[in-house]
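Examining the three-dimensional arrangement
Residue-level listing of the chains:
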Amino acid sequence: MGLKFRDIDANIHALVATAGYVIGRNEMDAVEAKAIKRTLKKHPELMELYGDIRSDLGAVEKTLQLFADSPNQIISEISEYLFQRSGKRMRPALLMICSRIFDYRGDEHILLSALVETIHTASLIHDDIIDNSEIRRGQDSVHKRWGPNITVLMGDYLYIKTIALSLETSSPEFTRILTDISTQMIEGELHEYHRSGNLDLGEPEYLEIIRKKTAALFSAACHIGALLGGADPEQERLFAEYGTTIGISFQIIDDLLDYAGDHKTLGKPVLSDLSEGRITLPMIYTLNQDGGVFRDRLVKLFREKDDNPDAKREILDIVRSNGALDYTYQQAEVYARRAQSLLSDLPQSMYRESLYNIPDYVLYRNR
Ligand code: FPP
Ligand code: MG
């Protein structure tokens, strides 16, 4: 196809129309349908959940793949590697559905969704360096394959490109939201890293960390979608809060799966948080359970975990057999139900239905 990444820079407003024009609308539909089908193949349950925004998600895939058209070979190679992978595309989907709730009929949701997904992707490649994660979505992480130096620069490139492209959209408010939540994500990630290995971390501090590192981007997706659709300030706040609650629920389940999940299904090793010293809700709960009966033992095992594989196994046994996983799940459920309750005054529609069902998907997912 003739559309190149630099064309995005040249004329972002015409992006979607241009793509349709260059390769023909019908052909474009087919390409998009194939792209999103490939992306969601591993997550068939999402197909139904995303309803009629699936075709627009296909256009988001095409937009993401434009990064691979860069004349810079490394950028092109890594972009192709990154954007071919089958993520759940939850943040773009939420942005689009939130815009549709307000009957948005323009085409800027495609670019803005791609930008939100790009920030997510960039944050994960940096996060994998910070967390020493060699596997992501069942494949080598970018730093495993290209090394940390190139990976840091690639992440930086994706962030700055995202912000530059957002400046070309119809409202500076989109850039303001994206820069604000990027700052929050960095603060959350720094906070988490700084408190690694500290077994005094409590639940409120844990929640503060995940609100920033994970929920802020979910919130931005929903906020931008609503804003695009013409939401008033109160509705903007409601949708931003809906995204925050989903994001918190999502990260609690992510942390639960690190103790309860299965390596193959997850596409990454279990107990990786613990291996890196990250203290998450299942561990926080167990440390404080019944007046801290397990605390001394856990502290000792935690100190030994790097040299003694049995120590990790015993931590896992203690966490799994004392109700921590149930507790963690219940907390994720509190936020998922809160998200749903925020929708109670919205009129019935298939988009409201999707927004209502997404928190359940977040709770029931196993990867
Ligand atoms: C995954 O958490 C990581 C995040 C949700 C956010 C990472 C944020 C940064 C690296 C800050 C930089 C961001 C910007 C926008 C400049 P996790 O490690 O718990 O999840 P995982 O198990 O999927 O790795
Ligand atoms: Mg990580």
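Residues numbered from 1 in each chain as written. Chains lettered and ligands numbered in written order. Predicted model: local features only at pLDDT ≥ 70, side-chain atom pairs only at ≥ 80, totals over all residues. Heavy atoms only, no water.

Brief notes about the overall build of the chain
Across its full length, the chain holds 20 helices and 2 strands. Buried positions account for 56% of the 367 residues belonging to the chain. Intrachain contacts of the chain at a sequence separation of at least 6 include 74% that bridge at least 24 residues. Accessible surface, the chain: about 15,900 Å² in total, of which carbon and sulfur atoms supply 51%. (Helix = DSSP H or I, 4+ residues; strand = E, 2+ residues; numbered from the N terminus. Buried < 20%, exposed > 50% of the residue type's maximum accessible area, 1.4 Å probe, protein only. Contact = heavy atoms within 4.5 Å. Areas by Shrake-Rupley, 256 points an atom, 1.4 Å probe, with all protein chains shown as cover.)

Structural notes on the coordination of the magnesium ion (ligand 2)
Around a metal, the ideal angle is 109.5 degrees if four donors adopt a tetrahedral arrangement and 90 or 180 degrees if six donors adopt an octahedral arrangement. Every protein donor of the magnesium ion (ligand 2) is listed here as D127 (OD) and D131 (OD), and their distances to the metal cover 2.1 Å. D127 gets classed as buried once you look at its relative accessible area, which sits at 13%. (Donors = N, O, S within 2.8 Å, 3.2 Å for Na, K, Ca; no water.)

Notes on the pattern of salt bridges
A complete count under the given rule lists 20 salt bridges for this structure. Of the charged contacts, one joins D127 and R136 as a salt bridge, the two residues approaching to 3.5 Å between their closest N and O atoms. Each of E61, R89 and E117 takes part in a single network of salt bridges with overlapping partners. (Salt bridge = Lys/Arg side-chain N within 4 Å of Asp/Glu carboxyl O.)

A look at the confidence of the model for the chain
For the chain, per-residue confidence averages 89 on the pLDDT scale, and residues scoring 70 or more make up 88% of the total. Of the regions scoring below 50 in pLDDT, residues 1-26 engages in 45 contacts with residues more than four places distant in sequence or in other chains. (pLDDT = per-residue confidence, 0-100.)

What about the nonpolar core?
Counting 45 residues, the largest nonpolar core has Y242 and I358 as the members making the most contacts within it. Element by element, the count of residues in this core is highest for helix α7 (residues 90-101), at 6 residues. Residue contacts for I358: discarding those within four places in its chain leaves L49, M90, L94, I97, Y242 and I246. Formed by 36 residues, the second largest nonpolar core is a distinct cluster that contains I252, I284, F294 and V319. (Core = buried A, V, L, I, M, F, W, Y, C linked by side-chain atoms within 4.5 Å.)

What to know about helix α19 (residues 324-341)
In this model, α19 (18 residues) spans 26 Å end to end at C-alpha, consistent with the 26 Å of a helix rising 1.5 Å per residue. Within α19, burial applies to A324, L325, Y327, T328, Q331, A332, Y335, A336, A339 and Q340. Contact partners of the buried residues in α19: α12 (203-228), α13 (233-260), α16 (281-288), α18 (309-320) and α20 (350-364). (Expected span 1.5 Å × (residues − 1).)

Re α7
An ideal rise of 1.5 Å per residue puts 16 Å on 12 residues; α7 measures up with 16 Å between its terminal C-alpha atoms. Of all the 12 residues making up α7, 11 are buried; the element is thus mostly covered by neighbouring parts of the structure. Every buried residue belonging to α7 is among M90, R91, P92, A93, L94, L95, M96, I97, C98, S99 and R100, and all of these are buried. D103 occupies a position one or two residues after α7 and carries a positive phi of about 60 degrees.

Overview of unusual backbone geometry
One non-glycine residue, R89, lies in positive phi territory at about 55 degrees. By the secondary structure assignment, R89 is in the loop between α6 (73-83) and α7. Unlike most non-glycine residues, D290 shows phi in positive territory, near 45 degrees. Position of D290 among the secondary structure elements: in the loop between α16 and α17 (295-304). A relative accessible area of 58% places D290 in the exposed class.

As for the environment of D131
Here D131 lies in the loop between α8 (108-130) and β1 (135-136). Note on D131: relative accessible area 14%, which makes it buried. Separated by 146 residues in the primary sequence, D131 and G277 place their C-alpha atoms 9.4 Å from one another. Leave out the neighbours within four places in its chain, and D131 touches E276 and R278.

Structural notes on the side chain of R89
Taking the relative accessible area as the measure of exposure, R89 reaches 2% and is therefore buried. Polar side-chain contacts of R89 include one of 3.4 Å to the backbone oxygen of F83. (Polar contact = N/O pair within 3.5 Å; in protein donor to acceptor, adjacent residues only side chain to side chain.)

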